[in-house]
Structures are given as structure tokens and as C-alpha cells.
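# Coordinates in review
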Amino acid sequence: MNSEPEEVIARIDRALGRLESAITAARGSVAAKQAAEARYQALRERTQAALDSLEQVIASAGQPSAGGAR
């Protein structure tokens, strides 16, 4: 390899730049996945709470009220 030292340094610098870009993109992707997972879990919890509430309403609708019907 008969490259000048400056040439070699420039090639290494470009390669490091590509690596840094790839690492930055990967970190962003991981952060986006974590945020999406957190949103999914929050939605799942809210959906389960709503379902539980609906089941309670349905169960109580089948029971006579305390005042009784005439």
C-alpha cells in the first residue's frame, strides 16, 4: 500500500464518520422502539381498565337495584 499518510488518515476519518452515523441512527431507532413500547403498554393498561369497568357495569345491570322495581 503506497498511500500517503494524509490519504490514509482521511480514509480512516471517513470510515469513522460512517460508523458514528450508523451508531447515531441505531441509538435513535432503539429510543423510538422504547417509546413505542411504552405507548403500547400504557394503551394496553387503559384498555384493560376500560374493559374491567365495562364488565362491572354489565354485571351490575343484571342485578336488581337497592330500591327495587315496582
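Just so you know, these numbers come straight off a predicted model, no measurement behind them. (Residues numbered from 1 in each chain as written. Predicted model: local features only at pLDDT ≥ 70, side-chain atom pairs only at ≥ 80, totals over all residues. Heavy atoms only, no water.)

So, on to the overall build of the protein. A tally of helices and strands in the protein yields one helix and zero strands. The buried share of the protein, reckoned over its 70 residues, is 0%. On the protein, roughly 6,500 Å² of surface is accessible, and the fraction owed to carbon and sulfur atoms is 58%. (Helix = DSSP H or I, 4+ residues; strand = E, 2+ residues; numbered from the N terminus. Buried < 20%, exposed > 50% of the residue type's maximum accessible area, 1.4 Å probe, protein only. Areas by Shrake-Rupley, 256 points an atom, 1.4 Å probe, with all protein chains shown as cover.)

What follows covers a nonpolar patch on the surface. Side chains of Ile12, Leu16, Leu19 and Ile23 sit close together on the surface and give an oily, nonpolar patch of about 370 Å² of accessible area. With respect to the helices and strands, the residue isoleucine 23 is situated in helix H1 (residues 5-61). With relative accessibility at 43%, the residue isoleucine 23 sits in the partly exposed group. (Patch = residues over 30% accessible without salt bridge, like charges linked within 9 Å, V, L, I, M, F, W, Y side chains within 5 Å. Salt bridge = Lys/Arg side-chain N within 4 Å of Asp/Glu carboxyl O.)

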